[in-house]
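Inside the fold
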Amino acid sequence: MKISSRIAKTIIILESVLAFFVILGVIVGSVDILRYLKIIYETPPTESFPIVQAFLGHILALVIGLELAVMLIKHTPASVIEVLLYAIARKMLIDSKNMLDIVLGILALGGLFFINKHFEPAKTFFIDANIVNPAMLIGDLNKKLHTNIPENIANTIGGLVVKLCKEGQCGLSEGKSIRVNDAEITILSMDGELIRELKVVKCDEKDE
């Protein structure tokens, strides 16, 4: 196995571990929600506003943590945008001190929506026609190609190929094809044992 493949796999494992700790931190931090509710209940209405504001900031911070964990696992541009959306929303709702902060926040949100609409980050995992990145989510792939690839086996198309090859006790190699429901998945290129490109073709549309 090439050193680059070992490093890539190590990074993926470390990111998964970090995502686990982020989720664990969110679970532990969720206990403070009950404490905030108790303080809000015991505080007079005229004095509760800053506490409620801190309460909302805490909840949004937990949401950002969950989205960050998703980003570390999915490795998709769309998940990065979602993290930024929540971060900007929290900044606007909790930390804005004047109208300039709100205007800048609105511009930032508008820029993210513009990027999401016109550049469609999910499409970056489609290299050319039916050639896809192995990190492409199976759900997104099914929507794009109108295929019926099962989503309960793995999250990504690359993960599905690896799992099916292990179950079938067959190795990964360039040119290898796997039939899954109405789709045929072919490994186009690899870097050591790491899949780089896949080709997915809907069987009823494949040229005979």
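Look up a bit, the structure's there.
To start, this report covers the structure provided alongside it. Everything numeric in this text was worked out from a predicted model, so none of it was measured.

So, on to the packing of helix α2 (residues 31-42) against helix α3 (residues 49-74). Packing of α2 against α3 leaves a shortest axis separation of 10 Å and a crossing angle of 165°. Taken together, α2 and α3 sit at an angle that is classed as roughly antiparallel. With respect to the hand of their crossing, α2 and α3 are arranged in left-handed fashion. From α2, Asp32, Ile33, Tyr36, Leu37, Ile39 and Ile40 reach across to α3, where they touch Ile51, Val52, Ala54, Phe55, His58, Ile59 and Leu62. Across the contact of α2 with α3, the residue classes break down as 11 nonpolar, 1 polar and 1 charged.

Moving on, we get to unusual backbone geometry. One non-glycine residue, histidine 146, adopts positive backbone phi at about 60°. The topology assignment puts histidine 146 in the loop between α6 (138-145) and α7 (157-167).

Following both chains from N to C, one finds α3 and helix α4 (residues 77-95) inclined at 170°, their axes separated by 8 Å at the closest point. Comparing their axes, α4 and α3 come out roughly antiparallel. Contacts between α3 and α4 involve Gln53, Leu56, Gly57, Leu60, Ala61, Val63, Ile64, Glu67, Leu68, Met71 and Lys74 on the former and, on the latter, Ser79, Val80, Glu82, Val83, Tyr86, Ala87, Arg90, Leu93 and Ile94. Of the residues contributing to the contact of α3 with α4, the split by class is 13 nonpolar, 3 polar and 4 charged.

Turning our attention to α3. Look at α3: 37 Å from first C-alpha to last across 26 residues, which is about the 38 Å you get at 1.5 Å a residue. Looking at α3, one finds that the buried residues are Ile51, Phe55, Gly57, His58, Leu60, Leu62, Ile64, Gly65, Glu67, Ala69 and Leu72. Just downstream of α3 lies histidine 75, where phi reads positive at about 60°.

Before going further, it helps to spend a moment on the side chain of threonine 147. You can see threonine 147 is positioned in the loop between α6 and α7. Given a relative accessible area of 9%, threonine 147 falls into the buried group. Within the structure, the side chain of threonine 147 is placed 2.7 Å from the side chain of asparagine 142, a separation counted as a polar contact.

Cut-offs and rules
Residues numbered from 1 in each chain as written. Predicted model: local features only at pLDDT ≥ 70, side-chain atom pairs only at ≥ 80, totals over all residues. Heavy atoms only, no water. Axes fitted to C-alpha atoms, helices over the stretch in contact; angles between N-to-C directions. Helix = DSSP H or I, 4+ residues; strand = E, 2+ residues; numbered from the N terminus. Parallel < 35°, antiparallel > 145°, perpendicular 65-115°, else oblique. Left-handed = near helix turned anticlockwise from the far one by under 90°. Contact = heavy atoms within 4.5 Å. Nonpolar A, V, L, I, M, F, W, Y, C, P; charged D, E, K, R; others polar. Expected span 1.5 Å × (residues − 1). Buried < 20%, exposed > 50% of the residue type's maximum accessible area, 1.4 Å probe, protein only. Polar contact = N/O pair within 3.5 Å; in protein donor to acceptor, adjacent residues only side chain to side chain.

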